[in-house]
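Next come the chains, spelled out residue by residue.
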Amino acid sequence: MLQIMHLFFLLLGLSPFATSDDLPTLYEYYTTDGVSSGLSVDQPYFTLNGKNITIYSGAMHYFRVPSQYWQDRLRKLRATGLNTVETYIPWNLHEFKNNVFDFGDGGSDYQRLLDLDLFLTLAKQEDLFVIARPGPYICAEWEWGGLPSWLLREEAISVRTSDPVYMKYVKRYFDKLLPILAKHQFTKRGAVIAVQVENEYASAPIEKDHAYLQQLVDLMKDNGIVELLVTSDGAGYGTDGTLPGVLFQTVNFGSDAKASFSKLEEMQPNKPLMAMEFYPGWFDHWSETHHTVSNSSFVKNYEEVLAYPASINLYMFHGGTNFGFLNGANIGSGDNSNFQPTTTSYDYDAPLSEAGDYTDKYEVIRTLIKKYNPVQTKTPDPPELYERQVYPTLAIEGQLGYNDIIRQAPSTVLSTSDIPMENLPINDNSGQSYGYIVYRASGIDIPANSVLTITGHVRDTVMVLIDGVLISKPLSSLDDLNTFGFWKLDNSNITLTTSDLVNVSLDLVIENYGRANYGNFFHQFKGLTPDNRVYLNDKELQSWVIFPLEFQKSWNTKLTDWQPAGDEPTKGPGMHKAVLNIDTYAERYNDTYIDMQEWNKGIVIVNGFVLGRYAFIGPQQALYLPGAYLQHGDNEIIIFEQFESAAQVKFSKDQIYKNP
Ligand SMILES: *[C@@H]1O[C@H](CO)[C@@H](O)[C@H](O)[C@H]1NC(C)=O
Ligand SMILES: *[C@@H]1O[C@H](CO)[C@@H](O)[C@H](O)[C@H]1NC(C)=O
Ligand SMILES: *[C@@H]1O[C@H](CO)[C@@H](O)[C@H](O)[C@H]1NC(C)=O
Ligand SMILES: *[C@@H]1O[C@H](CO)[C@@H](O)[C@H](O)[C@H]1NC(C)=O
Ligand SMILES: *[C@@H]1O[C@H](CO)[C@@H](O)[C@H](O)[C@H]1NC(C)=O
């Protein structure tokens, strides 16, 4: 038996002596004699409750992972020897409408991703400390960097500054959020050892407003936050993003630890060193080549930090998924010409894959932490993987054509001016946050060879339909991005018809492809924004019937008038339904990927929940469908395809990448 055990440990790459059950847990090690102090930076190394600690952390965002899997992912994190999990906190989900909150029971479509209290409880149960990064701005390749889009309804708002209009909303949100964090603090016997203030504030392209940072600090203290308060920035930005003496500074980088840490030592002498964001991988934008970071360069750069020695957070340890419409984007100068939307998958080429698989980097972390961490504590064995399954290919059973969708639009707004989605008088006056918006000019005459012009850059894609028939082109290759219908062109135009049309409706279906999360991201209106004027030849169109298409769960699940699917693919926007029947009950159904290679562009909805976006141009070709989102019996899969439908829904065991 002993020999078998020995062999088992050898197979895991562990010494049987180091993993003795006699080792204390992390909490036992740091709290056996009671808790009198939290994380301290009063000396050139961290101490926690008076004992030396090096923070070996990994990022995992609870809102990017099904809550049913949090415990599994946290245990996989702890099994590497990492002692801390880091997470951002997304304001846009937790306050999904103005003054309407969701911390797991608020009734929003994303409710089941939002039980922060449970996540923090599980982190402690899994023997991990927590670094919480509540922003309020979080970047994170996340819709508008985590800011709620209804803030845009305040005309004169200056986000990320001490502007009283902005701060009034921050205070109201923080007063709800921070008590949850406060009760989970280490010195209150919880898991949270540090809280970050704002996020990479030094690189915000605005005049630095240190009164703003101080007000955030005050709000945290007023709400009982007593643990270490930190900031994180690239080292090259100096102290622009922090309050020296008030906030502890950490640095972000992907390589050359020495360069960043020596700058940090100059700015903040005789203090511990920490990389808050060290990048073991990277994320993808649609239309780019899939990004990876090789095992060898990861090992080299990670070990350089551990050997320095310094504390480090792996951003990301487990990336997860930008479910629904929640991906962010890069934006460049701000006019949308260099818009780059982030993909649905946030796999990040991280040590734990999107679906929770171990990668080469995972093993490297286990080995290196064992080598460098002088503190020996008990770690669990790496859990067995959840299985994935290629479910049978499904035929499309039902279809809803464009006109049938619009007839069921959740609301109709009449307007005599161009009004962006955020300013619609819907959702308790919080406007439309996500999805598509239709602007219809009805009862108009369109003479032959008429040209439709949209000034400025479209935000972000537009389809043009006449009487429900698609006129504009699908997104079939990268070159199409340089044509009408997409964001790159300034003042773009399209010729509508070669014959005279009388008394028709002209529809513009405009997509919010994800608000920018980084850079010059301040004016993130979507739909027809103040930059966009619409001309039919020389005449400006301003009289609109507007249909918001938000694809909210309550709407998705009660659509009617489904027609049997024909044999031919349909052109133009439509919804296509298939049913996955699971006839045997199980505690947990197998995960899978939906293979979207035969489709062009759109979103996939499973049991009413918007799983995410797909796009033929790649690199991502399949959508992760966690078994946790499947149920016994019928599972309704609806595809909203913008351009050209396929006849079936296929599954895949793994993600599929196709570089454009
Ligand atoms: C804590 O770490 C410091 C710096 O490495 C070291 O000098 C000190 O001896 C350590 N203390 C203990 C109790 O290990
Ligand atoms: C990753 O790099 C480490 C360190 O060089 C090496 O031991 C390990 O075998 C590598 N893993 C793979 C799968 O290449
Ligand atoms: C339409 O756009 C093209 C290319 O950008 C331009 O050459 C042409 O003059 C425009 N047509 C009209 C009528 O504005
Ligand atoms: C225009 O079309 C609408 C809807 O098809 C119809 O109700 C209306 O009578 C038409 N108007 C004229 C002037 O033909
Ligand atoms: C999951 O997949 C495995 C192998 O593909 C299969 O043996 C198992 O029965 C599946 N589980 C469920 C709940 O369907």
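Preceding this paragraph is the structure being described.
My aim in this report is to walk through the structure given alongside it, one point at a time. Here the structure is a predicted model, which is why all the values come from computation and not from measurement.

1. What to know about the packing of helix α9 (residues 295-307) against helix α10 (residues 360-372)
In the contact formed by α9 and α10, the axes pass within 11 Å of each other and the chain directions differ by 25°. With respect to α10, the axis of α9 lies roughly parallel. The two elements α9 and α10 meet at a crossing, and its hand is right-handed. Only D360, K361, V364, I365, L368, I369, K371 and Y372 of α10 make contact with α9, whose side of the interface consists of N295, F298, V299, Y302, E303, L306 and A307.

2. What about the packing of aromatic side chains?
Each aromatic ring pair is described using two quantities: the centre-to-centre distance and the angle formed by the ring planes. A full pass over the atoms with the stated rule returns 52 aromatic pairs. Relative to Y315, the ring of Y88 has its centre 6.2 Å away and its plane inclined at 70°; by these criteria the two rings are edge-to-face. Residue Y88 is found in strand β5 (residues 84-88), and its partner Y315 is found in strand β11 (residues 311-318); the two are separated by 227 residues along the sequence. For the pair formed by Y88 and Y315, the shared burial category is buried. Plain terms: the ring middles of Y173 and F174 are 5.7 Å apart, the flat faces sit at 45° to each other, and that makes the pair tilted. With a relative accessible area of 0%, Y173 lands in the buried category. By the ring-pair criterion, three or more aromatic residues cluster together here, those being W91, W150, Y166, Y169, Y173, F174, Y201 and Y212. Just above the ring of Y513 sits the side chain of K601; from NZ or CZ to the centre is 4.2 Å.

3. A word on the packing of helix α3 (residues 70-79) against helix α5 (residues 116-125)
Direction vectors running N to C along α3 and α5 enclose 40°, while the axes themselves pass 10 Å from each other. In this structure, α3 crosses over α5, and the sense of that crossing is right-handed. For the pair α3 and α5, the contacting residues are W70, Q71 and L74 in the first and L118, F119, L122, A123 and Q125 in the second. Of the residues in the contact of α3 with α5, the class split is 6 nonpolar, 2 polar and no charged.

4. Side note on the environment of T25
Mapped onto the fold, T25 is located in the loop between α1 (2-11) and α2 (26-31). Residues T25 and L128, 103 residues apart in the sequence, show an inter-C-alpha distance of 9.6 Å.

5. A look at the pairing of strand β29 (residues 601-606)
With 6 of its 6 residues buried, β29 lies for the most part within the structure. Judged from the 6 bridges that link them, β29 and strand β30 (residues 609-615) form a sheet pairing that is antiparallel. Bridge assignment links I603 to a residue of β30, and that residue is R613. Where β29 and strand β32 (residues 633-641) come together, 5 bridges link them in antiparallel fashion.

6. Describing unusual backbone geometry
Between Y308 and P309 the backbone carries a cis peptide bond, its omega angle lying at 0°. Along the chain, P309 falls in the loop between α9 and β11. If you check the backbone angles, Y348 has positive phi at about 70° while not being a glycine. The residue Y348 is located in the loop between β13 (340-341) and α10 in this model. Judged by its relative accessible area of 3%, Y348 is buried.

7. Topic: the environment of T483
Along the polypeptide, T483 turns up in the loop between β20 (469-470) and β21 (492-495). A relative accessible area of 25% places T483 in the partly exposed class. Taking C-alpha positions, T483 is 8.7 Å from K473, a pair spaced 10 residues apart along the chain. From its side chain, T483 meets the backbone oxygen of D480 in a polar contact 2.6 Å long.

8. Observations regarding the sheet that holds strand β9 (residues 248-253)
Strand order in the closed barrel formed by 8 strands is β4-β5-β6-β7-β8-β9-β10-β11, with parallel pairing between adjacent strands. Each strand of the sheet is rotated relative to its neighbour by a mean of 30°, with strand direction disregarded. For β5 and strand β6 (residues 129-133), the ladder comprises 5 bridges, and the chain directions are parallel. Pairing of T87 across the sheet is with A132, part of β6.

9. Comments concerning the pairing of β6
Summarising burial for β6: 5 of the 5 residues are buried, a large majority. The alternating pattern of β6 places F129, I131 and R133 on one face and V130 and A132 on the opposite face, and all of these are buried. In this region the chain leaves β6, passes through helix α6 (residues 164-183) and returns to the parallel neighbour strand β7 (residues 192-196); the handedness of that crossover is right-handed.

Basis of the calculations
Residues numbered from 1 in each chain as written. Chains lettered and ligands numbered in written order. Predicted model: local features only at pLDDT ≥ 70, side-chain atom pairs only at ≥ 80, totals over all residues. Heavy atoms only, no water. Axes fitted to C-alpha atoms, helices over the stretch in contact; angles between N-to-C directions. Helix = DSSP H or I, 4+ residues; strand = E, 2+ residues; numbered from the N terminus. Parallel < 35°, antiparallel > 145°, perpendicular 65-115°, else oblique. Left-handed = near helix turned anticlockwise from the far one by under 90°. Contact = heavy atoms within 4.5 Å. Phe/Tyr/Trp six-rings, centres within 6.5 Å; stacked < 30°, edge-to-face > 60°. Buried < 20%, exposed > 50% of the residue type's maximum accessible area, 1.4 Å probe, protein only. Lys NZ or Arg CZ within 6 Å of the ring centre and 35° of its normal. Nonpolar A, V, L, I, M, F, W, Y, C, P; charged D, E, K, R; others polar. Pairing = 2+ DSSP bridges. Polar contact = N/O pair within 3.5 Å; in protein donor to acceptor, adjacent residues only side chain to side chain. Right-handed = clockwise from strand over helix to strand, strands pointing away.

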